[in-house]
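The chain contents come next:
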Amino acid sequence: MDLSKPSAENVEYIVEQLKKKLKVLNFDAIKPAHFSEAWYDELKDIYDMVMKRETFSPSEIQAIVEELGSLRKR
């Protein structure tokens, strides 16, 4: 999958992969449809950072989820 270009499909893929990697219980509150392609670069940066790491502390997960929340469509 080529994640270098913003698209609805790439946004969906990134959000689904983040949900799997972070294993957050209430991650259903964040759905791919909540994100605009306008924020794709920021979303991709979060994805790249998360995929590089093996584990996260609870506070790191909370910070990541909060950052994702700030990127949601308004």
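Residues numbered from 1 in each chain as written. Predicted model: local features only at pLDDT ≥ 70, side-chain atom pairs only at ≥ 80, totals over all residues. Heavy atoms only, no water.

A short note on the nonpolar core
Membership of the largest hydrophobic core comes to 18 residues, with the highest contact counts inside it found for Leu18, Phe35, Leu43 and Leu68. Discounting chain neighbours no more than four positions away, the residues touching Phe35 are Val11, Val15, Ile30, Leu43, Leu68, Leu71, Arg72 and Lys73. (Core = buried A, V, L, I, M, F, W, Y, C linked by side-chain atoms within 4.5 Å. Buried < 20%, exposed > 50% of the residue type's maximum accessible area, 1.4 Å probe, protein only. Contact = heavy atoms within 4.5 Å.)

Structural notes on the environment of Met51
Within the fold, Met51 resides in helix α2 (residues 40-52). Counting along the chain gives 34 residues from Met51 to Gln17, while the straight-line C-alpha distance between them is 8.7 Å. Beyond its immediate sequence surroundings of up to four residues, Met51 is in contact with Gln17, Leu18 and Lys21. (Helix = DSSP H or I, 4+ residues; strand = E, 2+ residues; numbered from the N terminus.)

Digging into the packing of α2 against helix α3 (residues 58-70)
Here α2 crosses α3 at 165°, and the two axes come no closer than 10 Å. Classed by the angle they form, the pair α2 and α3 counts as roughly antiparallel. Crossing geometry of α2 relative to α3 is assigned as left-handed. Contact residues: Leu43, Ile46, Met49 and Val50 in α2; Ile64, Glu67 and Leu68 in α3. For the contact of α2 with α3, the per-class residue count stands at 6 nonpolar, no polar and 1 charged. (Axes fitted to C-alpha atoms, helices over the stretch in contact; angles between N-to-C directions. Parallel < 35°, antiparallel > 145°, perpendicular 65-115°, else oblique. Left-handed = near helix turned anticlockwise from the far one by under 90°. Nonpolar A, V, L, I, M, F, W, Y, C, P; charged D, E, K, R; others polar.)

Some remarks on the pattern of salt bridges
In this structure the tally under the stated criterion is 3 salt bridges. Put simply, Lys19 and Glu16 hold a salt bridge, and the shortest N to O gap is 3.5 Å. Here Lys19 and its partner Glu16 are both found in helix α1 (residues 8-22), 3 residues apart, which amounts to about one turn of the helix. Owing to a relative accessible area of 29%, Glu16 belongs among the partly exposed residues under this scheme. (Salt bridge = Lys/Arg side-chain N within 4 Å of Asp/Glu carboxyl O.)

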